[in-house]
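Next come the chains, spelled out residue by residue.
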Amino acid sequence: MRCHRRGRGGLARTLTGTAGILAILMGAAATPGQAQAADPAADLEIEEIIVTGSRLRMGPAESPNPISVVTDEAIARTGATTMEQFLAKLPAADFTGGVSAGTVYGGGGASSIGLRNLGAQRTLVLVNGQRFIGTDFPFASSTTVDLNNIPVSMIDRVEVLRDGASSVYGADAIGGVINVILKNRFQGTKVDLSIGTTTHGDGMTYGGSVTSGFDLGSRGSLVLNVAADRRDAIKARDRGWATNQYEDVPYTGLYNVSYVPFGTIARTSGGTLYYYSASAPPHDAYDTAFFLANRDRLPDGLIFNDDAWCNPCQDFSQLPNLTGKLERRQVNAVGSYALTEDVTLKFRGLYTRRDSEEVYSPAILGYYSATPKFPYGIYVPATLPDGSPHPYNPYGEDVSFDSRLPLEYRRGYRDKIDTYQASLGLEGTAWTDFDWELGASYGLSKSAYSTPRMIDFRRAAQVAGMEACTAADSAAGCSVGNFLGYNQLTAQQIDYFTYTEDNRSEISHHYVHGNISGPVAMLPAGALRMGTGFEFRTEKGKVTPDAVVQAGDGERYTTASSGSYDVSSAYVEALVPLLRDQPLAEALTLAASGRFDHYSAFGDAWTWKLGLDHRVNDSFRLRGARSTGFLAPQIKQLYGGVFLDTKYQSDPCAQGGTYADQGVCARQLAELGVGGSGDVEQFGSMAVLRGGNPDLQPEKSGEWSAGMVVTPAALPGLAITADYYRVKIRGLISEQDLGSILEACYGQDDPAACAKINRVPGTGQILNVESVLINAGRRLTSGIDVGLDYVFDLDAVGRIALSGEAKYTIEDKRTSVTGGTVDYVGLFLGDEASPRWKGKLGAILTREDWSVGWSTRYYGRVECAPNNCYVAPDYFGDYAPSVFYHDLSATYSWQGLDLSAGVENIFDKDPPYVVGGAQINTLTSAGYDLIGRFFYLKASYTF
């Protein structure tokens, strides 16, 4: 939004691009740091501009949509170098179904944020009102926009629409829209530098950018920007809260461990033995007293506790990163040139290279490393393929084992992502009052994911003696090794069966679009404005797994895949003034929009939205909307190759199974010629068919909202907003849980579930279970968003800006594919949390050339979801208490030099401890601060 002040001073700069406090007073729920102006001056001239949620030009007072705005000034006050770092602090934002810097094992270097607990895939991300290209993740079921690919140094403001907008933008805008507005005019050259670190001396961040603006004569402008930044990894072992296993607390602290320790556990007919030392014989793996008495002879990180689900347990809590290493290099250009008085050429080009690294534990081999090609894992046979006795098997029988490679062979993830986004268009004015636009856009994301020290299971089977080494294999390092010992494999043998897994993917889109809008008729209450437009878009994607994976010799099996679809769209909008200057109706405006999308992949989608804006008087305003929306299946979800994965799950019909020799189990086994469950060996794992489904249909949603804006005349500069929302989604694109398929078949005799289970005739063993993506399940969420902004002057002190936001979630109901419904408000499940209350409150004092600010964030208490608790209710680790975080910032400006410094998480508050928290004792996708107290310094010089 653009406001212009006729006069001098800093107010015009503050208001430009954000509509300042006037926009806030008229309906945008501002974020801390946005409100920098006092009450609106009489000499402000407000332009009609495009507001997120509509393609019609309108004043901020006319939009019925709830919008939060984060300005570049607000970003500069923080230590943020990525969009995640400042957006994650908004109460409306969440990481449900997304990833962040703190997601398990460093987050993959990516960042994707959602709104209203509906997930990143249901939040549309725009740059200057146009779709931004997404980023693929290996073996993930969907793609989302990686916010790390958007240049922070080029941001003018970020508009966050907390409402559905599919009738304007099309698919994906169910939870809301994040619209990043880039700087399009700049004079001179600006150099930005930043540095930051934690109290612990790690997590160093540093970066810099150069932005230069040029006038292209008197008819245009060009802004060029180059930027580079780096964030060092923070290791879990450097935070006591992340690694404390609380061994004295039964079961509680022993979730973030592995059942496969260093060394080897061998299962023989004579018992289970643990090879724990190269200089000692194996010992009974369950003799806890013996191992506790000989701790000094054991591998590091072993835990023994009879209440644990594994014994001995290997503690890997010290291996992962709390945040991964991230490096970015960016080149950007934005410009415009007036071809004629009424026609302007606009262009934009963005490029980001992202490199990130994470670490993971060493790979495991044996019984618990089952793969589709080796469904029963790797074992040590009694005899070699040529019939001779196995030289390292003294038991005279096939021996099942579990072994982990030495620590120096721990795996790591290395990601290299290149993202390109370019657009070219014309815009102008026709017939005096009509605005038009015609343009084209192209986006491309190329991803390369490397994982060193992965297992080639065909080669591992050779080293175990299950398969013979050919002459060529022997020349490459193949030989029979000793798995039944402590670190007895040679480096040559390990190098032979380990490899670097390289997976690549590429997604792209290109589209053309056009629209025209303006006043079409004069009504008694004002001008009727309408707009219409079109889009033609093509989406493409392809995935190329590593050759070992394609051969079926890796942890999973899949082939290369690719696909594309086309979208043709048309939409229309209208802004209809119904009343003006009437008693109790200073203005009453109807906003209506409708959109038709035709997808070559699945057909048609119709969406609509009706909104009403009722300005009772200058102090009170009501707004509301009713809309429909949809989430289109992505290329990967439609055409992604079906791959075989392995899940650890007991067979309900096998020996000791839940439904052994009962009902459906007995009937199925009889049909396969199997005598009974006693003849079906229980392996504890099975192959699962996962991946895309070309028959997927879009998710469909219905939403309505109602709110108010209070701007009392008696308190100029005060704005209070409150908005209620309710969103219902049906036909969720989801993958059915393996356990629920088995339960539905054998516990409920569901024919559809039974049809997904494929068994081998004669043996009854499960060959695979089909669990591709389907449309099933529902979501229902509702809540209230509250905002407050108050800007006022104290003559003796300076200008004070208070701002706050709070989100109260009423319900967050999720219905699974099997029909069960759980309300997750106030609960956590896995690594995600849905607190009932989230809030943020900030204050900024500005005086002449300096300012100081304080901000406080709040996350409400969450408890473990039903049937997902690992300890008794209200026991240590069963819930996460409410948390407050406090940040302090200060700025100073002098002759083109702007300095900012601050401390985030001033009191070094640790995240709450929970059992089952993603390997590091907490919920990494819940918004908690994982890094601790963080100091930062920023400097900017313009010349």
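(A) The overall build of the protein, seen in detail. For the protein, the helix and strand inventory stands at 15 helices and 55 strands. The 943 residues of the protein split such that 58% are buried. The long-range share in the protein, meaning contacts at least 24 apart out of those at least 6 apart in sequence, stands at 71%. Of the accessible surface of the protein, which amounts to about 36,400 Å², a share of 55% is contributed by carbon and sulfur atoms.

(B) Summary view of unusual backbone geometry. With a phi close to 60°, Asn-117 is a non-glycine residue in the positive phi region. Secondary-structure assignment places Asn-117 in the loop between β7 (112–115) and β8 (123–127). The residue Asp-172 is not glycine, and still its phi comes out positive at about 85°. Inspection of the secondary structure assignment puts Asp-172 in the loop between α5 (166–169) and β11 (176–182).

(C) Focus on the pairing of strand β33 (residues 585–599). In the sheet, strand β32 (residues 561–582) pairs with β33 via 14 bridges, with the strands oriented antiparallel. Following the sheet pairing, Ser-568 is matched in β33 by His-598. If you look at the hairpin formed by β32 and β33, you'll find two residues sitting between the two strands, and Leu-584 has a positive phi there, around 60°. As consecutive antiparallel partners, β33 and strand β34 (residues 603–617) are separated by three residues.

(D) Structural detail: a nonpolar patch on the surface. Together, Trp-850, Val-852, Trp-854, Leu-888, Tyr-892, Trp-894, Leu-899 and Phe-907 give the surface a local cluster of nonpolar side chains, amounting to about 760 Å² of exposed area. Those elements giving two or more residues to the nonpolar patch turn out to be β50 (850–859) and β53 (883–894). Turning to its location among the elements, Trp-894 is positioned in strand β53.

(E) Representation of the sheet that holds strand β21 (residues 313–315). Ordered in space as β16-β21-β20, the three strands form an open sheet in which the pairing is antiparallel. Across the chains shown, the open sheet's two edge strands, defined by having one partner strand only, are β16 (257–258) and β20 (302–303). Relative to β21, β20 is paired through two bridges, and the arrangement is antiparallel. In the strand pairing of β21, Ile-303 is matched with Cys-313.

(F) Main features of the packing of aromatic side chains. Tallied over the entire structure, the rule returns 22 aromatic pairs. Ring geometry for Tyr-276 versus Phe-291: centroids 5.5 Å apart, planes at 90°, classification edge-to-face. Linking Tyr-276 in the loop between β18 (271–275) and β19 (283–284) with Phe-291 in helix α7 (residues 288–293), this pair joins segments that are 15 residues apart in sequence. For Tyr-276, a relative accessible area of 3% puts it in the buried group. Through a chain of ring-to-ring contacts, the aromatic side chains of Tyr-274, Tyr-276, Phe-290 and Phe-291 assemble into a single cluster. The ring of Tyr-725 has Arg-116 lying over it, and the distance from NZ or CZ to the ring centre is 3.9 Å. The residue whose ring lies beneath Arg-814 is Tyr-824, and the NZ or CZ to ring-centre distance is 4.7 Å.

(G) Quick peek at the state of the cysteines. Per the counting criterion, the structure on display carries three disulfides. Disulfide pairing is shown between Cys-469 and Cys-478; the S-S distance is 1.8 Å. One quick way to see it: the torsion about the S-S bond of Cys-469 and Cys-478 is about -55°, and its sign makes the bridge left-handed. Cys-469 sits in the partly exposed class, given a relative accessible area of 26%. Accessibility expressed as a relative area gives 6% for Cys-478, which makes it buried. Here Cys-745 pairs with Cys-754 through a disulfide, and the sulfurs are 2.1 Å apart. Across the S-S bond linking Cys-745 and Cys-754, the dihedral sits near 100°, which makes this disulfide right-handed. Residue classification places Cys-745 among the buried residues on the basis of a relative accessible area of 0%.

(H) The arrangement of the sheet that holds β11 in detail. One open sheet holds the five strands; their spatial order is β5-β10-β11-β8-β9, and the pairing between them is mixed. Looking along the sheet, the strands with just one partner apiece sit at the ends: β5 (67–71) and β9 (130–131). Pairing analysis gives five bridges linking β5 to strand β10 (residues 155–161), with the strands arranged antiparallel. Within β10, the position partnered with Thr-71 by the bridge is Arg-157.

(I) Geometry of the pattern of salt bridges. For the structure shown, the criterion picks out 46 salt bridges. Measuring nitrogen to oxygen at the nearest pair gives 3.2 Å for the salt bridge that ties Arg-162 to Asp-785. With a gap of 623 residues between them, Arg-162 in the loop between β10 and α5 and Asp-785 in strand β44 (residues 778–794) connect regions that are remote in the sequence. Like Asp-785, Arg-162 is buried. Among the salt bridges present, the one from Asp-355 reaches Arg-329, with a minimum N-O distance of 3.0 Å. Pair noted here: Asp-355 is in strand β24 (residues 343–362) and Arg-329 is in strand β23 (residues 325–338), with a separation of 26 residues, a long-range link.

(J) Fine view of the pairing of β5. Counting buried positions along β5 yields five of five residues, so the element is predominantly enclosed. Of the two faces of β5, both are covered, the one formed by Ile-67, Val-69 and Thr-71 as well as the one formed by Ser-68 and Val-70.

(K) Structural view of the environment of Ser-619. For Ser-619, the position within the fold is in the loop between β34 and β35 (620–631). When the C-alpha positions of Ser-619 and Thr-711 are compared, they lie 4.5 Å apart, and in sequence the two are 92 residues distant. Leaving out residues up to four positions away in the same chain, Ser-619 has contacts with Val-709, Val-710, Thr-711, Pro-712 and Ala-713. Polar side-chain contacts of Ser-619 include one of 3.1 Å to the backbone nitrogen of Ala-713.

(L) Up close: the nonpolar core. Counting residues in each nonpolar core, the largest one holds 33 residues, and the members touching the most others are Met-83, Phe-86, Leu-87 and Val-158. Contributing elements (two or more residues each) for this core: α3 (72–76), α4 (83–87), β7, β8, β10 and β11. Judged by nonpolar contacts, the second largest core, of 24 residues, contains Leu-365, Ile-378, Phe-401 and Phe-497.

(M) Up close: the environment of Trp-436. Checked against the element boundaries, Trp-436 lands in strand β29 (residues 434–455). Overall, Trp-436 belongs to the partly exposed group, its relative accessible area being 22%. The sequence separation of Trp-436 and Gly-518 amounts to 82 residues, and the corresponding C-alpha distance is 8.8 Å. Sequence-distant contacts of Trp-436, that is, excluding residues within four places in its chain, are made with Val-343, Leu-426, Glu-427, Gly-428, Thr-429, Ala-430, Asn-515 and Ile-516.

(N) Region of interest: helix α8 (residues 457–464). Counting buried residues along α8, six of its eight residues qualify, which places the element largely inside the surrounding structure. Along α8, the residues classified as buried are Phe-457, Ala-460, Ala-461, Gln-462, Val-463 and Ala-464. For α8, the elements touching its buried residues are β25 (364–366), β26 (379–380), β29, α9 (471–475) and α10 (491–497). The backbone nitrogen of Arg-458 lies 3.2 Å from a side-chain oxygen of the residue at the head of α8, namely Asp-456.

(O) Inspection of the confidence of the model for the protein at higher detail. Taken over all residues, the pLDDT of the protein has a mean of 86, while the share at 70 or more is 89%. Contacts of residues 1–47 to residues separated by more than four positions or lying in other chains number 114 contacts, the stretch itself having pLDDT below 50.

(P) View of a positive patch on the surface. A contiguous patch of positive charge, built from Arg-237, Arg-410, Arg-414 and Arg-453, is present on the exposed surface. Residue position: Arg-410 is located in strand β28 (residues 410–430).

(Q) Broad picture of the side chain of Ser-54. Following the sequence through the fold, Ser-54 ends up in the loop between β3 (49–50) and β4 (57–58). A polar side-chain atom of Ser-54 sits 3.0 Å from the main-chain amide nitrogen of Leu-56. At 2.8 Å, the side chain of Ser-54 and the side chain of Glu-573 are in polar contact. Apart from the residues within four sequence positions on either side, Ser-54 is in contact with Val-168, Tyr-169 and Glu-573.

Rules behind the numbers
Residues numbered from 1 in each chain as written. Predicted model: local features only at pLDDT ≥ 70, side-chain atom pairs only at ≥ 80, totals over all residues. Heavy atoms only, no water. Helix = DSSP H or I, 4+ residues; strand = E, 2+ residues; numbered from the N terminus. Buried < 20%, exposed > 50% of the residue type's maximum accessible area, 1.4 Å probe, protein only. Contact = heavy atoms within 4.5 Å. Areas by Shrake-Rupley, 256 points an atom, 1.4 Å probe, with all protein chains shown as cover. Pairing = 2+ DSSP bridges. Patch = residues over 30% accessible without salt bridge, like charges linked within 9 Å, V, L, I, M, F, W, Y side chains within 5 Å. Salt bridge = Lys/Arg side-chain N within 4 Å of Asp/Glu carboxyl O. Phe/Tyr/Trp six-rings, centres within 6.5 Å; stacked < 30°, edge-to-face > 60°. Lys NZ or Arg CZ within 6 Å of the ring centre and 35° of its normal. Disulfide = S-S within 2.5 Å. Polar contact = N/O pair within 3.5 Å; in protein donor to acceptor, adjacent residues only side chain to side chain. Core = buried A, V, L, I, M, F, W, Y, C linked by side-chain atoms within 4.5 Å. pLDDT = per-residue confidence, 0-100. Lys, Arg positive; Asp, Glu negative; His and termini not counted. Charge placed at Lys NZ, Arg CZ, Asp CG, Glu CD.

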